[in-house]
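Per-entry structural report
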Amino acid sequence: MKTLIEFINEKQADFSYATGEFSRLVHDIGIAAKIVNREINKAGIADIFGNEGTVNVQGEEQKKLDVFANNQFIKALKHGGMVCAIASEENDELITFDNELSNRGKYVVAMDPLDGSSNIEVNVSIGTVFSIFRRLSESGSSGDVTDLLQPGTKMVAAGYVIYGSSTMLVYSTGYGVNGFTLDPSVGLFLLSHPEMKIPDGGNIYSINEANYIYFPEGVKEYIRYCQEDEPSSLRPYTTRYIGSLVADFHRNLIRGGIYMYPGTKKNPNGKLRLLYECNPVAFLAEQAGGKASDGFRRILEIQPESLHQRTPLFVGSKHMVEKAEYFMNYFSRDFKK
Ligand code: P6P
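Residues numbered from 1 in each chain as written. Predicted model: local features only at pLDDT ≥ 70, side-chain atom pairs only at ≥ 80, totals over all residues. Heavy atoms only, no water.

**With respect to a nonpolar patch on the surface**
On the surface, a nonpolar cluster with roughly 350 Å² of combined accessible area is contributed by Y326, Y330 and F331. Judged by its relative accessible area of 33%, F331 is partly exposed. (Patch = residues over 30% accessible without salt bridge, like charges linked within 9 Å, V, L, I, M, F, W, Y side chains within 5 Å. Areas by Shrake-Rupley, 256 points an atom, 1.4 Å probe, with all protein chains shown as cover. Salt bridge = Lys/Arg side-chain N within 4 Å of Asp/Glu carboxyl O. Buried < 20%, exposed > 50% of the residue type's maximum accessible area, 1.4 Å probe, protein only.)

Next comes the structure, spelled out in structure tokens:
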């Protein structure tokens, strides 16, 4: 199997624009992922469970591993010198670096260093999610917020690391999606899932049905459609909801399916953050032949207004997202932005 490095170097040869910097950036994310993976795997033994005693901008308790992962990815991206600014779920403000090398960095990163971390104590898969843009601001100065407030259509790469029964790095630079599985015995990511494609149709829907009474009518009608017992090649549908976006998305990417986190009357923008949760999975879904919207418009076309803004998310198999959009347009146009 091809290693991540071999794959990156091979692809770099394919694309004239791909400077060594970009390849180095993906490589450094891989290094940080291995370090975080090691801590996650021994979390039960090391004193790294539990809360850090702080809360993040979302008002969520920060787990010790959240903070550890955040620091590791920031350190790796700073060390590499290709990144001039980072937006992280764990930091209220934009992260910039006061050093010459980073201020000449061509890229900015939006990341959720450890998504789904409430699952850590119960040994359920969690993940890191990231998206990469070229900076807009002048090289030589610190990156600024405008570098991060770009629509997803400007993204140059996105990916996730899933820390599960095996640890995988799945990413795309706009030329398809490739998955690499970590061989812990040699510490190498190996190309285990080349050119990943999400099936156009599927029979898995992922949503937290505990919120059912607050869902838009269009979502309720879509769930009812999935539960109808009319004969079809895809029936019966089933529901799978892990409570970890990366794990639910990864399963649906491989098997086909739709993940939904809709808005409600109480929270019309839903829960998930545009920059470092919805945009990256939307980029990957489209690169794998799937679709991602807020029920009405492409996630990647949303113009961000702030670093931590939220958006409803419908992402996965093309035909399933289109069917959900049909119900949203028919029953819930009042949710359209
Ligand atoms: P709920 C984890 O906190 C997360 O951001 C996603 O990983 C996950 O899919 C979702 O929130 C779970 O949210 O409200 O269903 O517990």
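**Quick look at the domain arrangement of the protein chain**
In terms of domains, the protein chain is made up of domain 1 (4–193) and domain 2 (204–335). Here domain 1 and domain 2 have C-alpha centroids that lie 24 Å from each other. Across the contact, 49 residues belong to domain 1 and 32 residues belong to domain 2. Around 2,800 Å² of area is buried between domain 1 and domain 2 when both sides are counted, 66% of it from carbon and sulfur atoms. Scanning the region where domain 1 abuts domain 2 turns up one salt bridge. (Domains from an automatic or database assignment. Contact = heavy atoms within 4.5 Å. Buried area = accessible area lost by both parts, 1.4 Å probe.)

**Looking at the sheet that holds strand β10 (residues 188–196)**
Reading across the sheet, the eight strands line up as β4-β3-β5-β6-β7-β8-β9-β10 and stay open at both edges, with mixed pairing between neighbours. Of all the strands in the sheet, the pair left with one neighbour each is β4 (95–96) and β10. Where strand β5 (residues 107–115) meets strand β6 (residues 126–134), seven bridges bridge the pair, whose relative direction is antiparallel. Note that in β6 the partner of Y107 across the bridge is R134. (Pairing = 2+ DSSP bridges. Helix = DSSP H or I, 4+ residues; strand = E, 2+ residues; numbered from the N terminus.)

**Observations regarding helix α9 (residues 318–331)**
Here α9 contains 14 residues, and its C-alpha end-to-end distance of 20 Å stays within 8% of the 20 Å for a straight helix at 1.5 Å per residue. Turning to α9, its buried residues number three or more, namely M320, V321, A324, E325, F327 and M328. All buried residues of α9 project into a common sector of 160 degrees when viewed along the axis, lining one side. (Expected span 1.5 Å × (residues − 1). Arc of directions from axis to C-beta.)

**With respect to empty space enclosed by the protein**
Per the stated rule, a full pass over the model turns up two cavities of 30 Å³ or more. There is about 50 Å³ of room inside the largest cavity. Around the largest cavity, the lining residues are P216, P262, G263, P268, D294, F296, P312, F314, M328, F335 and K337. Of the residues that constitute the lining of the largest cavity, the class distribution is eight nonpolar, one polar and two charged. The volume enclosed by the second largest cavity comes to roughly 30 Å³. Breaking the lining of the second largest cavity down by element, the ones donating at least two residues are α3 (64–80), β5 and β6. (1 Å grid on protein atoms, 1.4 Å probe; cavity = no way out; pocket = protein on both sides within 12 Å on 5 of 7 lines; lining within 4 Å. Points joined across faces, edges and corners; volume = space filled by probe spheres on them. Nonpolar A, V, L, I, M, F, W, Y, C, P; charged D, E, K, R; others polar.)

**So, the packing of aromatic side chains**
Throughout the structure, instances matching the rule amount to 14 aromatic pairs. Between Y222 and Y225, the ring centres sit 6.1 Å apart and the planes meet at 25 degrees, which makes this aromatic pair stacked. Of the two residues, Y222 and Y225 both sit in helix α6 (residues 217–227), three residues apart, roughly one turn of that helix. Across the pair, exposure class does not vary: Y222 and Y225 are buried alike. One aromatic cluster is present, formed by Y222, Y225, Y237, Y326, F327, Y330 and F331 through successive ring pairs. The side chain of K266 reaches across the aromatic face of Y214, ending 4.3 Å from its centre. The aromatic ring of Y326 is capped on one face by K323, whose charged end is 5.8 Å from the ring centroid. (Phe/Tyr/Trp six-rings, centres within 6.5 Å; stacked < 30°, edge-to-face > 60°. Lys NZ or Arg CZ within 6 Å of the ring centre and 35° of its normal.)

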